[in-house]
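Given next are the chains, with one letter for each unit.
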Amino acid sequence: TGNVTGARRPVNLGLEPEEARAIASFLVSFQPEKGGEEIEFEVPEKWKRYFSTKGDPKRGEKIFNDPEGTANCAKCHLVKGQGGSVGPELSFVGTSRTREFLLESILDPDAVITSGYKTILILTKEGKFITGIKKNEDDSGFDIVDKNGKDRHIPRNRIKKFKTQKTSTMPG
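Every chain is numbered on its own, with residues counted from 1 as its sequence reads. Where totals are concerned, whole chains, interfaces and linings use all residues; where local detail is concerned, this predicted model gives features only for residues with pLDDT of at least 70, and gives and counts side-chain atom pairs only at 80 or more. Side-chain measures were taken over the full set of non-hydrogen atoms in the model, leaving aside hydrogen atoms and water.

**Let's talk about the packing of aromatic side chains**
Right, so step 1: Ring pairs are drawn from Phe, Tyr and Trp, using the six-membered ring of Trp, whenever the two centres fall within 6.5 Å, and their geometry is named by plane angle: stacked under 30 degrees, edge-to-face over 60, tilted for the rest. The tally for this structure, following the rule as stated, stands at 2 aromatic pairs.
Right, so step 2: Note on Phe26 and Phe64: the rings are 5.4 Å apart at their centroids and 55° apart in plane angle, and the pair reads as tilted. With a gap of 38 residues between them, Phe26 in helix α1 (residues 17-28) and Phe64 in helix α3 (residues 57-65) connect regions that are remote in the sequence. Each member of the pair, Phe26 as well as Phe64, is classed as buried.
Right, so step 3: Ring plane angle 65° and centroid distance 4.6 Å describe the contact between Phe142 and Phe162, whose orientation is recorded as edge-to-face. Taken as a pair, Phe142 in strand β5 (residues 141-145) and Phe162 in strand β7 (residues 159-164) lie far apart in primary sequence, 20 residues in all.
Right, so step 4: Our definition puts a charge over a ring when NZ of Lys or CZ of Arg is within 6 Å of the ring centre and also within 35 degrees of the ring normal. Here Arg97 stacks its cationic end above the ring of Phe101, 4.5 Å away from the centre of that ring.
Right, so step 5: One residue, Arg156, lies across the ring of Phe142, its end atom 5.3 Å from the ring centre. We count a stretch as a helix when DSSP gives it H or I for four or more residues in a row; a strand needs E for two or more, and each element gets its number in order from the N terminus. The rule is simple: take the accessible area with a 1.4 Å probe, protein chains only, and divide by the maximum for that residue type; under 20% is buried, over 50% is exposed, in between is partly exposed.

This is the structure in structure tokens:
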């Protein structure tokens, strides 16, 4: 859903520190750890408890894929050919992102929104709000994907106004 008021959401999906760390470990488990230089990352005070535990990739995979769980990441994210298509495909995210970056993305999804996954809030002339990930915009209107993964086309002649949101569609 769009954030009309502009207020920041609280961080976290309600995950325990070891659960968030486990998901990050699962996502980086597709490639071996790279030796050499460590990237400096200053851990915000409010996240220190999430860095004080070792991640368990197997547990992270279960949490990521649990449709009844708190996170339910696979509803929106595709990994190894399974999952949804609302959010970015994450099969190779562990090869290009650090554990710290992944943990930040889990705890504060608004911090960095991947290109191509910006949320748009549309107000129709009928007074209805429609929110989704903008996939295309042309003279005819907007093509979006809603939070359930459904493709929708909103004709420009039905739109009163629209705004790209600064919040992620990913719950946080």
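**With respect to the confidence of the model for the protein**
Right, so step 1: Confidence of the predictor at the level of single residues is captured by pLDDT, which takes values from 0 to 100. Confidence along the protein averages 82 in pLDDT terms, with 84% of residues attaining 70 or more.
Right, so step 2: Note on contacts: a residue pair is in contact if any heavy atoms of the two residues lie within 4.5 Å. Confidence drops under pLDDT 50 across residues 1-10; counting only partners more than four residues distant or on other chains, this segment forms 18 contacts.
Right, so step 3: Note on residues 32-38: pLDDT is under 50 here. Beyond four places in sequence and across chains, it has 2 contacts.

**Side note on the packing of α1 against helix α5 (residues 99-107)**
Right, so step 1: Contact geometry of α1 with α5 gives a least axis separation of 9 Å together with a crossing angle of 130°. In terms of their interaxial angle, α1 and α5 are classed as oblique. Taken as a pair, α1 and α5 cross one another with a handedness that is right-handed. Contacts between α1 and α5 pair Ala20, Arg21, Ile23, Ala24, Ser25, Leu27 and Val28 from the former with Arg99, Leu102, Leu103, Ile106 and Leu107 from the latter.
Right, so step 2: Throughout, the ten residues Ala, Val, Leu, Ile, Met, Phe, Trp, Tyr, Cys and Pro are labelled nonpolar, Asp, Glu, Lys and Arg are labelled charged, and all others, Gly among them, are labelled polar. A class-by-class count of the residues in the contact of α1 with α5 yields 9 nonpolar, 1 polar and 2 charged. As a rule, the C-alpha atoms of each element are fitted with a line to give its axis, helices using only the stretch in contact, and angles between N-to-C directions run from 0 to 180 degrees. These descriptions rest on fixed angle ranges, namely under 35 degrees for roughly parallel, over 145 for roughly antiparallel, 65 to 115 for roughly perpendicular, and the rest for oblique. If you view the pair so one helix is near and one far, a crossing is left-handed when the near helix is turned anticlockwise from the far one by less than a right angle, and right-handed when it is turned clockwise.

**Here's the deal with the pairing of strand β4 (residues 129-138)**
Right, so step 1: By definition, two strands form a pair when at least two bridges between them are found by DSSP. For strand β3 (residues 119-124) and β4, the ladder comprises 5 bridges, and the chain directions are antiparallel. Looking across to β4, one finds that Ile122 is bridged to Ile130.
Right, so step 2: Following β3, the chain reverses through 4 residues before pairing antiparallel with β4; Gly127 in that reversal takes a positive phi of roughly 85°.
Right, so step 3: Alignment of β4 against β5, held across 5 bridges, turns out to be antiparallel. Within β5, the residue paired with Ile133 across the bridge is Val145.
Right, so step 4: Linking two consecutive strands that pair antiparallel, namely β4 and β5, is a turn of 2 residues.

**Observations regarding α1**
Right, so step 1: Each residue after the first adds 1.5 Å to the expected span of a helix. The end-to-end C-alpha separation of α1 is 17 Å, in line with the 16 Å expected for 12 residues at 1.5 Å each.
Right, so step 2: With respect to burial, α1 is a largely interior element, 11 of its 12 residues being buried.
Right, so step 3: Of the surrounding secondary structure, the elements contacted by the buried residues of α1 are α2 (48-51), α3, β1 (78-79), α4 (93-96) and α5.

**Observations regarding α5**
Right, so step 1: Of the residues making up α5, those classed as buried are Phe101, Leu102, Leu103, Glu104, Ile106 and Leu107.
Right, so step 2: Buried-residue contacts for α5 involve α1, α2 and α4.

**As for the packing of α1 against α3**
Right, so step 1: The contact between α1 and α3 brings their axes to 7 Å, and the two run at 100°. It follows from the interaxial angle that α1 and α3 lie roughly perpendicular. Residue-level inspection shows Glu18, Glu19, Ala22, Ile23, Ser25, Phe26 and Leu27 of α1 in contact with α3, the latter providing Pro57, Arg59, Gly60, Glu61, Ile63 and Phe64.
Right, so step 2: Residues of the contact of α1 with α3, tallied by class, amount to 7 nonpolar, 2 polar and 4 charged.

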